[in-house]
Amino acid sequence: MFYLDSAMIIVVVIGILAARKALKRRRRLRENRLAAELRKRLEREYLEHDREFGQNLACLIIQLRLARRLRSIKPDQSAAALDQATSLALLCLNDIRSQVSLRQARAE
């Protein structure tokens, strides 16, 4: 009778250990999956931001080239193009600052 009880206890302990191991494995897999999803989401956000930033820089270059061409023949339009370029540059700078702040906050 003593051996049967000891055998049952061993089986129960082995079952508990196996269940704990399986639970740890499921938790680890879930954490890995969540981390991968977070990486993908952040990558999408960064790519979208970079695309918008690139478009703004392209517009800025166009405005500056226009201002250069208009400088001698239409100074008023040249000044307006420079004002637009300045506004766009400030918008880009503020956008970069907010993105840096957001990334720093996420890192903490």
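Relevant structure appears above.
Residues numbered from 1 in each chain as written. Predicted model: local features only at pLDDT ≥ 70, side-chain atom pairs only at ≥ 80, totals over all residues. Heavy atoms only, no water.

Peer 1: Give a detailed account of the pattern of salt bridges, specifying residues and quantitative values.
Peer 2: For the structure on display, the rule yields 3 salt bridges. With a closest N to O distance of 2.8 Å, Arg 41 and Glu 45 form a salt bridge. With a gap of 4 residues between them, Arg 41 and Glu 45 both fall in helix H1 (residues 2-73), about one helical turn apart. The exposure class of Glu 45 is partly exposed, given its relative accessible area of 30%. Linking Glu 48 and Arg 51 is a salt bridge whose minimum nitrogen-to-oxygen distance equals 2.8 Å. (Salt bridge = Lys/Arg side-chain N within 4 Å of Asp/Glu carboxyl O. Helix = DSSP H or I, 4+ residues; strand = E, 2+ residues; numbered from the N terminus. Buried < 20%, exposed > 50% of the residue type's maximum accessible area, 1.4 Å probe, protein only.)

Peer 1: Outline a positive patch on the surface, listing residues and values.
Peer 2: A cluster of like positive charges, contributed by Arg 20, Lys 24, Arg 26 and Arg 27, occupies part of the molecular surface. Residue position: Lys 24 is located in helix H1. (Patch = residues over 30% accessible without salt bridge, like charges linked within 9 Å, V, L, I, M, F, W, Y side chains within 5 Å. Areas by Shrake-Rupley, 256 points an atom, 1.4 Å probe, with all protein chains shown as cover. Lys, Arg positive; Asp, Glu negative; His and termini not counted. Charge placed at Lys NZ, Arg CZ, Asp CG, Glu CD.)

Peer 1: Residues and numbers for the environment of Arg 71, please.
Peer 2: Tracing the backbone through its elements, the reader meets Arg 71 in helix H1. Owing to a relative accessible area of 57%, Arg 71 belongs among the exposed residues under this scheme. Placed 10 residues apart in sequence, Arg 71 and Ala 81 show a C-alpha to C-alpha distance of 9.8 Å.

Peer 1: Give a detailed account of a nonpolar patch on the surface, specifying residues and quantitative values.
Peer 2: Judged by side-chain polarity, Ile 9, Val 13 and Leu 17 come together as a nonpolar surface patch covering roughly 280 Å² of accessible area. For Val 13, the location among the structural elements is in helix H1. Overall, the relative accessible area of 41% leaves Val 13 in the partly exposed class.

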